[in-house]
Amino acid sequence: MKNKLKFLAIVLTMFVLTAAGEKEQKPLNLIIFIGDGMGTDQVYAGMTASGFTMTFPAFPVTGFSITYSANSYITDSAAGGTAISTGEKTNNGMIAVRPDSTEIPTILEIARKAGLSAGLVSTSTITHATPASFVAHDASRGSYEDIAEWFLKGTADVFIGGGKNHFSARSDSADLTVELKKMGYDVVYSLPDLKNSTSNRIAGLMAEEGLPYIDQGRDTSFLAAATAKALDVLSRNKKGFILMVEGSQIDWAAHDNNMKRTVEEVLDLDRAVKVAYDYARKSGNTLIVVTADHETGGLSLTGGNVKEMTVSGTFGTKGHSAVMVPVFAFGPGASAFSGVQDNTELFHDFVKLLSLKK
Ligand code: MG
Ligand code: ZN
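Predicted, not measured: the structure shown is a model, and the values here were computed from it.

Caption draft 1: Geometry of the overall build of the protein chain. Looking only at helices and strands, one finds 13 helices and 14 strands in the protein chain. In terms of overall dimensions, the protein chain has C-alpha extents of about 85 × 50 × 45 Å along its principal axes. Residue burial in the protein chain is summarised as follows: out of 358 residues, 54% are buried. In the protein chain, 72% of the contacts between residues at least 6 apart in sequence involve partners at least 24 apart. With an accessible surface of roughly 14,800 Å², the protein chain has 55% of that area assigned to carbon and sulfur atoms.

Written out as structure tokens, the structure reads:
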């Protein structure tokens, strides 16, 4: 009897410890990957073409995100990005403002206020809807030069992407890089200079407009290297960091109904995720969430061969579609991302897991 009680006590203690341990599964750092336009068919096309060697589809937690916007069953990247960055649905075309144009605090702004560091990496212009949703507030996603001015707030300690023209070849003749340098940013224009920078603040303006597709000359190491550099800089902050990395051209390729490019761009995003995954495994305190703002192209995989690693598909539209998009999560707190959730829930999960206050 005594032994039995002792055994029961041990089992109970173990159970309580496990429960407490699970409760304290909170990350210090958060890395968000957004594959613009990346639905499940885009992901599975990439998986097939890679011989099932992709990193993020192997993450332990998967879910779905519902993407409709405040004014449309089919969202665009502005409203989709805003839902993820602010937890609120807005109208298509709007950047981190409500339909009445009032500003909504973003996860990056909230994190910076709490002393965390923040970064943005994108293969489009850094002023484009997806990255803009995390640092800017504008009723019109096309106001690129106005959006560029938001970077002077210093919300993102590191930002790397295209869009140099929106900073220094502007219609008002202002050169925002002068101000950025005064703020302590190392402003770099090439991958070697980016890699060599030792600054705690980096503005990487890697192309005049968006970066080209991979098959039109974008370095296949760019997104992974930019992610590595951002992690190198942001991880110096012991209070933690948030980094958002976007694979922008998945969307553009799918708008063009170009299967080959769509696959290439998905695999490119995965190379960047691999860098983050290696970091997260080492650090042990980093949550990675990979998702999309919406699906593009209404892609349907209609043929393929696993052994030959080939895949073919047809596109149902030149625009976006309404389907739910996948969510993949790894690291402490990942379980919050299982199941079907509204895209706005991602933000609320981020805030809760990082113990931030809205
Ligand atoms: Mg985008
Ligand atoms: Zn699009």
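Caption draft 2: Examining the packing of helix H10 (residues 222-234) against helix H12 (residues 259-283) more closely. Contact geometry of H10 with H12 gives a least axis separation of 8 Å together with a crossing angle of 30°. Judged by the angle between their axes, H10 and H12 are roughly parallel. Crossing geometry of H10 relative to H12 is assigned as right-handed. Facing Leu223, Ala224, Thr227, Ala228 and Leu231 of H10, the residues of H12 in contact are Asp268, Leu269, Arg271, Ala272, Val275, Ala276 and Tyr279. Here the contact of H10 with H12 is built from residues that sort into 9 nonpolar, 1 polar and 2 charged.

Caption draft 3: Structural context of the sheet that holds strand S2 (residues 61-66). Across the sheet, which stays open at both edges, the 10 strands sit in the order S5-S6-S4-S3-S7-S1-S8-S13-S2-S14 with mixed pairing between neighbours. Whereas interior strands pair on both sides, the edge strands pair on one side only; in this sheet they are strand S5 (186-188) and strand S14 (339-342). Strand after strand, the sheet turns through a mean of 15° between neighbouring axes, direction not considered. Two strands pair when backbone bridges link them, and strand S8 (residues 286-291) and strand S13 (residues 325-330) are joined in this way by 3 bridges, in the antiparallel orientation. Its bridge partner being in S13, Val290 is matched across the sheet by Phe328.

Caption draft 4: How the structure looks around the packing of aromatic side chains. Within this structure, the stated rule accounts for 11 aromatic pairs. With 5.7 Å between their ring centres and 35° between their planes, Phe59 and Tyr277 make a pair best called tilted. Of this pair, Phe59 sits in the loop between helix H2 (40-49) and S2 while Tyr277 sits in helix H12, and the two are 218 residues apart along the sequence. Like Tyr277, Phe59 is buried. Seen from their ring centres, Phe337 and Phe350 are 5.7 Å apart, and the 40° between their planes marks the pair as tilted. Taken together, the residues span a long stretch of sequence, with Phe337 in the loop between S13 and S14 and Phe350 in helix H13 (residues 343-353) at a distance of 13 residues. Among the residues examined, Phe337 registers a relative accessible area of 1% and is labelled buried. Classification of Phe350 by relative accessible area gives buried; the value is 1%. Every member of this aromatic cluster is reached through a ring pair, and the members are Phe151, Phe159, Phe167 and Tyr185. In this structure, Lys164 is placed above the aromatic ring of Tyr189, and the distance from its NZ or CZ to the ring centre is 5.0 Å.

Caption draft 5: How the structure looks around the coordination of the magnesium ion (ligand 1). Bound to the magnesium ion (ligand 1) are the protein donor atoms Asp36 (OD), Thr130 (OG1) and Glu246 (OE), situated 1.9 to 2.2 Å from the metal. Taken in sequence order, the residues that donate to the magnesium ion (ligand 1) follow the motif D-x93-T-x115-E. Of this pair, Asp36 sits in the loop between strand S1 (29-35) and H2 while Thr130 is found in helix H5 (residues 129-135), placing the two residues 94 residues apart along the sequence. The class for Asp36 is buried, based on a relative accessible area of 2%. On the basis of relative accessible area, Thr130 is assigned to the buried category, the value being 0%.

Caption draft 6: Representation of the environment of Pro131 in the model. Tracing the chain through its elements places Pro131 in helix H5. Placed 17 residues apart in sequence, Pro131 and Ala148 show a C-alpha to C-alpha distance of 11 Å. If sequence neighbours within four positions are ignored, Pro131 has contacts with Leu120, Ser122, Thr125, Ile126, Met244 and Glu246.

Caption draft 7: The pattern of salt bridges, seen in detail. Per the stated rule, a full pass over the model turns up 17 salt bridges. A salt bridge links Arg98 to Glu88, with the nearest nitrogen and oxygen atoms 2.9 Å apart. Separated by 10 residues along the polypeptide, Arg98 in the loop between helix H3 (77-86) and helix H4 (107-113) and Glu88 in the loop between H3 and H4 bring together distant segments of the chain. For Arg98, a relative accessible area of 27% puts it in the partly exposed group. Here Lys274 makes a salt bridge to Asp278, at a shortest N to O gap of 2.9 Å. Within this pair, Lys274 and its partner Asp278 are both found in helix H12, separated by 4 residues, close to a single helical turn. Connected via shared salt-bridge partners are Asp215, Lys260, Arg261 and Glu264.

Definitions and cut-offs
- Residues numbered from 1 in each chain as written.
- Chains lettered and ligands numbered in written order.
- Predicted model: local features only at pLDDT ≥ 70, side-chain atom pairs only at ≥ 80, totals over all residues.
- Heavy atoms only, no water.
- Helix = DSSP H or I, 4+ residues; strand = E, 2+ residues; numbered from the N terminus.
- Buried < 20%, exposed > 50% of the residue type's maximum accessible area, 1.4 Å probe, protein only.
- Contact = heavy atoms within 4.5 Å.
- Areas by Shrake-Rupley, 256 points an atom, 1.4 Å probe, with all protein chains shown as cover.
- Axes fitted to C-alpha atoms, helices over the stretch in contact; angles between N-to-C directions.
- Parallel < 35°, antiparallel > 145°, perpendicular 65-115°, else oblique.
- Left-handed = near helix turned anticlockwise from the far one by under 90°.
- Nonpolar A, V, L, I, M, F, W, Y, C, P; charged D, E, K, R; others polar.
- Pairing = 2+ DSSP bridges.
- Phe/Tyr/Trp six-rings, centres within 6.5 Å; stacked < 30°, edge-to-face > 60°.
- Lys NZ or Arg CZ within 6 Å of the ring centre and 35° of its normal.
- Donors = N, O, S within 2.8 Å, 3.2 Å for Na, K, Ca; no water.
- Salt bridge = Lys/Arg side-chain N within 4 Å of Asp/Glu carboxyl O.

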